[in-house]
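Close look at the chain arrangement
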Amino acid sequence: MGSRGAFVDVGKGVFDFVQGGQHYMSLGTLSGNPNVKVIIQDSNAVKAPEYSHTAGRIYAVVKNGELKHLAYYDDAHKQAVSIDLAHDHKGVQPHRHVYLSHNKNDPGIPPTAEESALIKKIKKEFHLR
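As a starting point, this report considers the structure included with it. Predicted model, so just to flag it, every value in this text is computed and none were measured.

Things to note about helix α1 (residues 113-125)
The first and last C-alpha atoms of α1 sit 18 Å apart over 13 residues, in line with the 18 Å expected at 1.5 Å per residue. Within the span of α1, buried status applies to Glu115, Leu118, Ile119 and Ile122. Buried residues of α1, seen end-on, are gathered within an arc of 100° and therefore sit on one face of the element. Opposite the packed face of α1, turned more than 90 degrees from it, sit the exposed residues Ala113, Lys120 and Lys124. Those residues of α1 hidden inside the fold are in contact with β3 (24-30), β4 (33-41), β5 (58-63), β6 (66-73), β7 (79-84) and β8 (95-98).

Have a look at this one:
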């Protein structure tokens with residue numbers, strides 16, 4: 001699959017990977033929604049890719065059988081919303097970030113009802129915690 005934002009030049013459509021980036025392996029796509037791709041990261045750190053080859057893609061990032069992140073991408077292939085399931089932010093877990101803003105002063109924002117339903121569906125279909 002790919003690296004965490006380690007493309008040569010996304011703005012120019014050059015999606016070749018920079019050597020040494022974090023890599024991911026696909027587990028498959030969600031039934032009924034091929035735009036949702038479930039991926040596993042092959043390193044110790046667990047982060048969603050900063051960019052996607054596919055505009056509007058949703059990645060569900062898994063580590064050790066547990067869903068860690070849900071990441072939504074915009075039309076420019078950039079991560080637009082990240083939902084962190086592995087830890088809390090200001091007492092909110094899971095919580096969402098917009099455009100990679102992880103400022104400690106940002107409020108803890110819970111996922112929307114639609115996002116929560118998607119999380120539940122992914123966990124059920126792929127047998128994740």
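Notes on the pairing of β6
Along β6, seven of the eight residues are buried, which leaves the element largely enclosed by surrounding structure. As paired elements, β5 and β6 share six bridges and run antiparallel to each other. The residue bridging Val61 from the neighbouring strand is His69, located in β6. If you look at the hairpin formed by β5 and β6, you'll find two residues sitting between the two strands, and Asn64 has a positive phi there, around 50°.

What to know about the pattern of salt bridges
According to the stated counting rule, one finds two salt bridges in the structure shown. Its salt-bridge partner being Lys68, residue Glu66 comes within 3.5 Å of it at the nearest N-O pair. Residue Glu66 is classed as partly exposed on the basis of its relative accessible area, which comes to 26%. Assessed through its relative accessible area of 16%, Lys68 is described here as buried.

About the criteria used
Residues numbered from 1 in each chain as written. Predicted model: local features only at pLDDT ≥ 70, side-chain atom pairs only at ≥ 80, totals over all residues. Heavy atoms only, no water. Helix = DSSP H or I, 4+ residues; strand = E, 2+ residues; numbered from the N terminus. Expected span 1.5 Å × (residues − 1). Buried < 20%, exposed > 50% of the residue type's maximum accessible area, 1.4 Å probe, protein only. Arc of directions from axis to C-beta. Contact = heavy atoms within 4.5 Å. Pairing = 2+ DSSP bridges. Salt bridge = Lys/Arg side-chain N within 4 Å of Asp/Glu carboxyl O.

Coordinates in, geometry out; function isn't part of it.
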